[in-house]
Amino acid sequence: MSIYLRLTPATKDILYQLYCATEDVWGLQLSRRAERPTGTVYPLLDWLEREGFVQSHWDDSRRVGPRRRLYILTLAGRVWVQQKLELSAKVTKQ
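Residues numbered from 1 in each chain as written. Predicted model: local features only at pLDDT ≥ 70, side-chain atom pairs only at ≥ 80, totals over all residues. Heavy atoms only, no water.

Along the backbone of the protein chain there are four helices and three strands. Sorting the 94 residues of the protein chain into buried and exposed places 34% on the buried side. Considering only contacts in the protein chain between residues 6 or more positions apart, those separated by 24 or more positions represent 49%. When the accessible surface of the protein chain is totalled, it reaches about 6300 Å², and 53% of it is carbon and sulfur. (Helix = DSSP H or I, 4+ residues; strand = E, 2+ residues; numbered from the N terminus. Buried < 20%, exposed > 50% of the residue type's maximum accessible area, 1.4 Å probe, protein only. Contact = heavy atoms within 4.5 Å. Areas by Shrake-Rupley, 256 points an atom, 1.4 Å probe, with all protein chains shown as cover.)

Below, the structure is given as structure tokens:
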């Protein structure tokens, strides 16, 4: 895994929303919660999934409308996000 990721304010917002999610979330839902454009959210989700920090699957519910891709942090992803957010807080305080 190449674990380099620039922690911009947008990235921190998205990671925080993923970390706080109590159930699988879809990209547009995450975009709205983080108040960030989908053009920021989807590339980050793609990167996180390639690195093994996020798992995704298609929503198989019988709802009306287009299918949704659902995302959730893996255990490694939860640990990594927690470390990254704590690290950024320490750097900000100095």
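Pairs of aromatic rings are described using the distance from one ring centre to the other and the angle between the two planes. In total, this model carries three aromatic pairs according to the counting rule given. Note on Phe-53 and Trp-80: the rings are 4.4 Å apart at their centroids and 10° apart in plane angle, and the pair reads as stacked. Taken as a pair, Phe-53 in the loop between α3 (38-50) and β2 (54-58) and Trp-80 in helix α4 (residues 75-93) lie far apart in primary sequence, 27 residues in all. Taking relative accessible area as the criterion, Trp-80 reaches 7% and is therefore assigned buried. (Phe/Tyr/Trp six-rings, centres within 6.5 Å; stacked < 30°, edge-to-face > 60°.)

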